[in-house]
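# Working through the structure, step by step
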Amino acid sequence: MRRIFWDWNGTLLDDTQAALATLNEMLSKRGAPMISIEFYRDNFSFPVKPFYTRIGMVLDGENWDDVAREYHDIYAMQPKRLNEDALAALKLARNEGLGQSIISALRQDLLNSDMARYAVRDFFDHVFGVDNLDGCSKIDRARELLRLCENDDIVMIGDSLHDKEVADGLGIKCILCSQGSHAHHRLAAVAPAAKTLVEAVKLSLVI
């Protein structure tokens, strides 16, 4: 079976503006310059701590766990929505007979809540998040998911360079979509890059 490993934040969930607003609120509280959406999409990376430190969000002596909790508390209050063509992409994949799974760096309980909030859980055979708020690599969880799908022909669809790193670590194909956290030119430099999720699903049928 052909299967899609979907990323969640920035891919199916349109939360880039929410993430940016959260960062800028935290930067303002720390007296650091705020950043633009263009800077964010040109520079954001995983793991997130080096990027956050670079822009002044993590001050000397601050505890990272406290900073991560502060980020998620503020982020939780920001408006978010499904990507505008997420449902169309999920339905297209289902109609084409593709298996679908989620692999996310979001903490599992928060990911489960999102699945319920946006009423998309039934599209997925597996929903894999992590056990922390660190914003680190999801490669270990992705390897666990891969073991459950070892007989499938898998394509990763995400919005970041880290999704390509995960795909490479698993030895699977990858398509990146430039509606999220990374600018199109960054994604196109490393993998086939789509401009919409529907286009990404169509590419997954032929890649």
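Here's what I pulled together on the structure shown here. Note that the structure is predicted; figures quoted are calculated from it, not measured.

### Focus: the side chain of Ser104
Within the secondary structure layout, Ser104 lies in strand β4 (residues 99–107). Once you skip the residues sitting within four places of it in the chain, Ser104 turns out to touch Trp8, Asn9, Leu111, Phe128, Gly129, Val130 and Lys138.

### Some points on helix α4 (residues 64–76)
If you check α4, its first and last C-alpha atoms are 18 Å apart, about what 13 residues at 1.5 Å a residue would give, namely 18 Å. Residues of α4 that are buried: Trp64, Val67, Ala68, Glu70, Tyr71, His72, Ile74 and Tyr75. Packing partners of the buried residues in α4 comprise β2 (13–14), α1 (16–29), α3 (48–54), β4 and α6 (108–117). Backbone nitrogen of Asp65 and a side-chain oxygen of the N-cap are separated by 2.9 Å at the start of α4; the cap is Asn63.

### Some words on the pairing of strand β7 (residues 173–177)
Of all 5 residues in β7, 4 are buried, a share of seventy percent or more. Bridge count between strand β6 (residues 153–158) and β7: 4 bridges; the pairing is parallel. Its bridge partner being in β7, Val155 is matched across the sheet by Lys173. Between the parallel elements β6 and β7, the chain passes through helix α8 (residues 161–170) in a crossover that is right-handed. Inspection of the sheet shows β7 paired to strand β8 (residues 193–194) by 2 bridges, in the parallel sense. By the bridge assignment for β8, Cys177 is matched with Ala194.

### Some remarks on the environment of Leu197
On the secondary structure map, Leu197 appears in helix α10 (residues 197–204). Separated by 108 residues in sequence, Leu197 and Ala89 have C-alpha atoms that sit 5.7 Å apart. In contact with Leu197, not counting residues within four places along its chain, are Trp6, Thr11, Leu12, Asn83, Asp85, Ala86, Ala89, Cys177 and Gln179.

### Focus on the layout of surface pockets
Estimated volume of the largest pocket: approximately 240 Å³. If you trace the largest pocket, you find 12 residues lining it, with His72, Tyr75, Ala76, Leu110 and Asp114 closest to the centre. Counting residues per element, the ones that place at least two in the lining of the largest pocket are α4, β4 and α6. When grouped by side-chain class, the residues that make up the lining of the largest pocket number 5 nonpolar, 2 polar and 5 charged.

### Section: the packing of helix α7 (residues 139–148) against α8
Running from amino to carboxyl end, α7 crosses α8 at an angle of 45 degrees, the nearest separation of the two axes being 10 Å. By the angle between their directions, the pair α7 and α8 is classed as oblique. The way α7 lies across α8 gives a crossing that is right-handed. Of the residues in α8, those touching α7 at Ile139, Ala142, Arg143 and Leu146 are Val166, Gly169 and Leu170.

### What to know about the pairing of β4
Most of β4 sits inside the fold, with 7 of its 9 residues counted as buried. In this sheet, β4 lies alongside strand β1 (residues 2–6) in parallel orientation, the contact comprising 4 bridges. Bridge pairing in β4 links Phe5 to Ser101. In the sheet, β4 pairs with strand β5 (residues 126–130) via 4 bridges, with the strands oriented parallel. Paired with Ile103 across the bridge in β5 is Phe128.

### Structural notes on the sheet that holds β7
One open sheet holds the 6 strands; their spatial order is β5-β4-β1-β6-β7-β8, and the pairing between them is parallel. Since the sheet does not close on itself, it has two edges, and those belong to β5 and β8, each with one partner. Those strands touched by α10 are β1, β6, β7 and β8, and its axis lies near 145 degrees from that of β1.

Thresholds, definitions, all that
Each chain has its residues counted from 1, running along the sequence as written. Restriction of local features to residues with pLDDT of at least 70 applies here, the model being predicted, together with a cutoff of 80 or more for giving and counting side-chain atom pairs; totals for whole chains, interfaces and linings are based on all residues. Water and hydrogen atoms play no part in the side-chain values, which are based on all heavy atoms of the structure. Numbering of helices and strands runs from the N terminus; a helix is a DSSP stretch of H or I covering at least four residues, while a strand is a stretch of E covering at least two. It only takes one pair of heavy atoms within 4.5 Å for two residues to be counted as in contact. By this rule the span expected of a helix is its residue count minus one, scaled by 1.5 Å. Only protein chains enter the accessibility calculation, which uses a 1.4 Å probe; a residue whose area is less than 20% of its type maximum is buried, one above 50% is exposed, and one in between is partly exposed. Between N or O atoms, a polar contact is any pair within 3.5 Å; within protein, one atom must be a potential hydrogen donor and the other a potential acceptor, and residues adjacent in sequence are included only when both atoms are from side chains. Between any two strands, at least two bridges found by DSSP are needed for them to pair. If the strands point away from the viewer and the path from the first strand over the helix to the second runs clockwise, then the crossover is right-handed. Grid points spaced at 1 Å and placed over the protein atoms alone form the basis of the search, with a cavity being a set where a 1.4 Å probe fits but cannot get out and a pocket an open set showing protein on both sides within 12 Å along at least five of seven lines. Lining residues have an atom within 4 Å of a point. Grid points are joined across faces, edges and corners, and a volume is the space filled by probe spheres set on the points. Lys, Arg, Asp and Glu make up the charged group, whereas Ala, Val, Leu, Ile, Met, Phe, Trp, Tyr, Cys and Pro make up the nonpolar group; the residues left over, Gly among them, are polar. As a rule, the C-alpha atoms of each element are fitted with a line to give its axis, helices using only the stretch in contact, and angles between N-to-C directions run from 0 to 180 degrees. Roughly parallel refers to an angle under 35 degrees, roughly antiparallel to one over 145, roughly perpendicular to one between 65 and 115, and oblique to any angle outside these ranges. A clockwise turn of the near helix away from the far one marks a right-handed crossing, whereas an anticlockwise turn of less than a right angle marks a left-handed crossing.

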